[in-house]
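Spelled out, the chains give:
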Amino acid sequence: MSIDRKQLIIEAATKSFSLFGYKATTMDQVAKIANVGKGTIYTFFNNKEELLSEIVSSLIKEMKATAEAAIQEDLSFFENVNLAIYELLKYRKQHQLTIKLFQEEREIGTPAVKEMIDKVESAIVKYIKDKVIEAIEKEEIRECDPEITAFIILKMYISLIFDWEKSHEPLDQEKISELFKFYLFTGLSK
């Protein structure tokens, strides 16, 4: 029976980062949880930041798969973007590692964590941008700057899901979808 030591280390680090945060996690803790020697970790990863980067890359792949699973070919661009982003942000809100990383970035401002959060948000913007480009090509939406549009879509969702509920009752998916459609697609003009 062959043991995948690299995978054990990744799982142990994910557990430690989820429980203690990036800053408070040590390579000694990761080694202990993975039941490997500390030197074994360094055969796969040069440092803690590289280990976190590997974990975040896997997380991004999982998030993309979650978004792709939400998309339905028979739905419009608006409906699919709405479903995909809602699933992405729900994933981010329910996944223990992302919760801890966002909390650490907000409360401590650890540079390595900020870099990883930026990596996650950049991946989400790129994903949305690709969907915007597809919609433009299919003439479902007007010509626009896909990257700016993707950025606005993401920030609107983040505001409605995370920021709004800091001082209000959380909005359900239907209300978020309605607001998203109103502000982004219909507009305030009469």
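All figures in this text were calculated on a predicted structure; none of them were measured in a lab. (Residues numbered from 1 in each chain as written. Predicted model: local features only at pLDDT ≥ 70, side-chain atom pairs only at ≥ 80, totals over all residues. Heavy atoms only, no water.)

Asker: Outline the environment of leucine 179, listing residues and values.
Answerer: Topologically, leucine 179 is positioned in helix α9 (residues 173–186). Excluding residues within four positions of it along the chain, leucine 179 makes contact with Leu160 and Leu171. (Helix = DSSP H or I, 4+ residues; strand = E, 2+ residues; numbered from the N terminus. Contact = heavy atoms within 4.5 Å.)

Asker: Mind laying out the side chain of threonine 25, listing which residues take part and the relevant values?
Answerer: Position of threonine 25 relative to the elements: it lies in the loop between α1 (5–20) and α2 (27–34). A polar contact of 2.7 Å, which involves the side chain of threonine 25, links it to the backbone oxygen of glycine 21. Among residues more than four places away in sequence, those in contact with threonine 25 are Ser16, Phe17, Phe20, Val30 and Lys48. (Polar contact = N/O pair within 3.5 Å; in protein donor to acceptor, adjacent residues only side chain to side chain.)

Asker: Tell me what's going on with the packing of aromatic side chains, and back it up with residues and numbers.
Answerer: The geometry of an aromatic ring pair is captured by two quantities: the separation of the ring centres and the angle between the planes. Across all of its chains, the model carries seven aromatic pairs by this definition. When the centroid spacing of 6.1 Å and the interplanar angle of 65 degrees are considered together, the rings of phenylalanine 77 and phenylalanine 185 count as edge-to-face. Placement of the pair is phenylalanine 77 in helix α5 (residues 77–94) and phenylalanine 185 in helix α9, with a sequence separation of 108 residues. Classification of phenylalanine 77 by relative accessible area gives buried; the value is 7%. (Phe/Tyr/Trp six-rings, centres within 6.5 Å; stacked < 30°, edge-to-face > 60°. Buried < 20%, exposed > 50% of the residue type's maximum accessible area, 1.4 Å probe, protein only.)

Asker: Please set out the nonpolar core residue by residue, giving values where relevant.
Answerer: A general trend in soluble globular proteins is that nonpolar side chains are found buried together. Counting residues in hydrophobic clusters, the biggest one holds 59 residues, and the most contacted among them are Ile9, Ile41, Leu51, Leu89, Ile128, Ile153 and Tyr157. For this core, the secondary-structure elements that each account for two or more residues are α1, α2, α4 (48–70), α5, α6 (96–107), α7 (111–137), α8 (146–163) and α9. For this core, the leading source of residues is α7, giving 12 residues. Filtering out sequence-adjacent residues up to four positions away, leucine 51 remains in contact with Ile9, Ile10, Ala13, Met27, Val30 and Phe45. (Core = buried A, V, L, I, M, F, W, Y, C linked by side-chain atoms within 4.5 Å.)

Asker: Describe the pattern of salt bridges, naming the residues involved and giving the relevant values.
Answerer: Tallying each qualifying case throughout the model produces 10 salt bridges. Its salt-bridge partner being lysine 90, residue glutamate 87 comes within 3.4 Å of it at the nearest N-O pair. In this pair, glutamate 87 and lysine 90 are both assigned in helix α5, three residues apart and thus about one turn of the helix distant. The salt bridge partner of lysine 166 is aspartate 163, with a shortest N-O separation of 3.5 Å. Given the relative accessible area of 37%, aspartate 163 is considered partly exposed. Shared partners join several salt bridges into a network, and the residues in it are Glu68, Lys131 and Glu134. (Salt bridge = Lys/Arg side-chain N within 4 Å of Asp/Glu carboxyl O.)

Nothing here speaks to function; it is all geometry.
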